[in-house]
Amino acid sequence: MPNAGHGPNIGHGYVKYVIIDRQGNELPPVVFPALIGRAGRSVTGAIGKAATVNAGGAQWWTGEDALLSPAPLTLLAQERLSDPAFVPALVRGAVDRFGALNGSSSGMCVTGLPASWASDPTKARALGAHLREAWSGYSGIRVIPEPLGLIYAETLDNHGQVTGDPALLEGQVAVVDLGHHTVDIAVLRRMIPVPTSLATYQLGTARPLQQIGGHLSAAFERELTLFEADQAVRAQALLIAGQPRTLPAGWDRPLLQNGEAIAARLVETWAAARSSTPS
């Protein structure tokens, strides 16, 4: 009987985790903000109790529960791979959200790193070590460049069989993965990644969200975390005293400017690649 498949994506903005069971059925995915916060003994006045995880010798709240901490933490740079608690806490938090996973849930893990990070064996091993520290049920771990996950999602079924559009399978495909911290690109020819095409740009949504958060903080006289700014953008409204307030005119300018910067970078990169390709 085949093993289950695990797909953890410890993103800079959100943790996304998918499990496909041994019958090829996809469990409802787990998604939550990539935040951790040192767990205190209690929250003043609370009747309930937020779940905690152990990582790096300490107890942590994860996801939105991390906002219970006076200093919620998110790491956007490569330091997340060397931090002893950040990635293990998020992975453990994701696994716990699935409920009790028994032996039948053990199986192969496929995860990703930003395109230019994934080719560094040191970074791949560091991520794998954090995953194994968080959960021992992985029979193997494979780290791939994150943009490849987009094309594989279109061309593979839940049993790993190739079922996609022949145009994707036999042609040349460019992939752009717009993330919270990075924009990652790849080009595949007949489903083989071109190594020189893998690139990572620091043009993700975090910087424009910081700018939008500052604009909204000034407009509504309320300090916003990056997560709260992200939620306001998604809803195109900000909750004030439980009521949605329309965002001020021009709130989306930083996103538009960032989009223009991304488009210009892609045109520059792929135009250079075309000019260097032998005819």
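Numbering of residues starts from 1 in every chain and runs along the sequence as written. Local features are withheld for residues below a pLDDT of 70 in this predicted model, meaning they are given only at 70 or higher, and side-chain atom pairs are given and counted only at 80 or more; totals for whole chains, interfaces and linings count all residues. Only hydrogens and water are set aside when side-chain values are computed; all heavy atoms of the structure are taken into account.

**Let's talk about the overall build of the protein**
And then number 1: Strands here mean DSSP runs of E at least two residues long; helices mean DSSP runs of H or I at least four residues long; both are numbered from the N terminus. Per the secondary structure count, the protein includes eight helices and 14 strands.
And then number 2: Since a compact globule built from 279 residues should have a radius of gyration of about 19 Å, the 20 Å found for the protein is in line with a globular shape.
And then number 3: Counting only C-alpha atoms, the protein reaches 65 × 50 × 30 Å along its principal axes.
And then number 4: The rule is simple: take the accessible area with a 1.4 Å probe, protein chains only, and divide by the maximum for that residue type; under 20% is buried, over 50% is exposed, in between is partly exposed. In the protein, which comprises 279 residues, the share counted as buried stands at 42%.
And then number 5: Contacts are residue-level and defined by heavy atoms, with any inter-residue pair within 4.5 Å sufficient. Taking contacts inside the protein between residues at least 6 apart in sequence as the whole, the part at least 24 apart equals 58%. Each radius of gyration is computed over the set of C-alpha atoms, and the globule rule expresses the reference value as 2.2 Å times the number of residues to the power 0.38.

**Comments concerning unusual backbone geometry**
And then number 1: Positive phi values are uncommon outside glycine, yet Arg 190 reaches one of about 50°.
And then number 2: Examined against the element boundaries, Arg 190 turns out to sit in the loop between β10 (183-189) and β11 (192-193).

**Points about the sheet that holds strand β7 (residues 107-113)**
And then number 1: Overall, mixed pairing links the five strands, which are arranged β3-β2-β1-β7-β8 in an open sheet. Each edge of the open sheet carries a strand with a single partner, namely β3 (30-33) and β8 (138-145). Strand-to-strand, the axes of this sheet are offset by a mean angle of 15°, without reference to chain direction.
And then number 2: A pair of strands counts as paired when DSSP detects no fewer than two bridges linking them. Across three bridges, the pairing between strand β1 (residues 4-10) and β7 is parallel. Across the sheet, residue Gly 5 finds its bridge partner in β7, namely Met 108. The convention used is that axes are lines fitted to C-alpha atoms, helices contributing only their stretch in contact, and that angles between N-to-C directions extend from 0 to 180 degrees.

**Quick word on the side chain of Lys 123**
And then number 1: Here Lys 123 lies in helix α3 (residues 121-134).
And then number 2: Of the polar contacts made by the side chain of Lys 123, one reaches the side chain of Gln 78; its length is 3.4 Å. As used in this structure description, the phrase polar contact means that two N or O atoms lie within 3.5 Å; if the pair is within protein, one of them must be able to donate a hydrogen and the other to accept it, and residues adjacent in sequence are counted only when both atoms belong to side chains.

**Examining the environment of Ala 55**
And then number 1: Within the secondary structure, Ala 55 is located in strand β5 (residues 53-55).
And then number 2: In this structure Ala 55 comes out as buried when scored by relative accessible area, which is 1%.
And then number 3: Each C-alpha atom, one on Ala 55 and one on Arg 92, is 8.3 Å from the other, the two residues being 37 residues apart in sequence.
And then number 4: Every residue in contact with Ala 55, bar those within four places of it in the chain, is listed here: Trp 60, Ala 85, Pro 88 and Ala 89.

**Comments concerning the packing of helix α6 (residues 206-220) against helix α7 (residues 226-235)**
And then number 1: As a packed pair, α6 and α7 sit with axes 9 Å apart at the nearest point and diverge in direction by 85°. Between α6 and α7, the interaxial angle falls into the category roughly perpendicular. Note on element contacts: α7 touches α6 through Leu 226, Ala 229, Asp 230, Ala 232 and Val 233, opposite Ala 206, Leu 209, Gln 210, Ile 212, Gly 213 and Leu 216.
And then number 2: Polarity classes work like this: nonpolar for Ala, Val, Leu, Ile, Met, Phe, Trp, Tyr, Cys and Pro, charged for Asp, Glu, Lys and Arg, and polar for all others, with Gly in that last group. The class makeup of the residues in the contact of α6 with α7 is eight nonpolar, two polar and one charged. For classification, angles of less than 35 degrees are called roughly parallel, those exceeding 145 degrees roughly antiparallel, those between 65 and 115 degrees roughly perpendicular, and all remaining angles oblique.

**Remarks on the packing of aromatic side chains**
And then number 1: Note on aromatic pairs: the rings of Phe, Tyr and Trp (six-membered ring only in Trp) are paired at centre separations within 6.5 Å, and the planes decide the class, stacked below 30 degrees, edge-to-face beyond 60, tilted for the rest. Going through the model one piece at a time under the given rule, you end up with three aromatic pairs.
And then number 2: On the basis of an interplanar angle of 70° and a centroid distance of 5.4 Å, the ring pair of Tyr 17 and Phe 98 is categorised as edge-to-face. A residue pair is termed long-range when its members are at least 10 positions apart, and Tyr 17 in strand β2 (residues 14-20) and Phe 98 in the loop between α1 (86-97) and β7 qualify at 81 residues. Here the two residues Tyr 17 and Phe 98 agree in accessibility, since each one is buried.
And then number 3: With 5.2 Å between their ring centres and 80° between their planes, Trp 135 and Tyr 138 make a pair best called edge-to-face.
And then number 4: Residue class for Trp 135 comes out buried when judged on its relative accessible area of 10%.
And then number 5: In this structure Tyr 138 comes out as buried when scored by relative accessible area, which is 4%.
And then number 6: Sitting over the ring of Phe 32, Arg 97 keeps its end group 3.9 Å from the ring centre. In our convention, an over-ring charge means Lys NZ or Arg CZ found within 6 Å of a ring centre and within 35 degrees of that ring's normal.

**Details of α7**
And then number 1: Buried within α7 we find Phe 227, Ala 229, Asp 230, Ala 232 and Val 233.
And then number 2: Of the residues one or two after α7, Gln 236 is the one with positive phi, at around 55°.

**Things to note about the sheet that holds β5**
And then number 1: Spatial ordering of the open sheet is given by β4-β6-β5, a layout of three strands whose pairing is antiparallel. The sheet terminates laterally at β4 (36-38) and β5, the two strands that pair on one side only. Going across the sheet, the axis of each strand differs from the next one's by a mean of 50°, ignoring polarity.
And then number 2: In the sheet, β4 pairs with strand β6 (residues 58-62) via three bridges, with the strands oriented antiparallel. Looking at the pairing, Ile 36 lines up with Thr 62 of β6.

**Focus: the nonpolar core**
And then number 1: In terms of nonpolar packing, the biggest core is built from 32 residues, with Val 15, Tyr 17, Trp 60, Leu 90, Val 91 and Tyr 138 touching the most fellow members.
And then number 2: Mapped by element, the contributors of at least two residues to this core are β2, β3, β5, β6, α1, β7, α2 (115-118) and α3.
And then number 3: It is α1 that provides the largest number of residues to this core, a total of seven residues. Grouping buried Ala, Val, Leu, Ile, Met, Phe, Trp, Tyr and Cys residues that are joined through side-chain atoms within 4.5 Å yields what is termed a nonpolar core.

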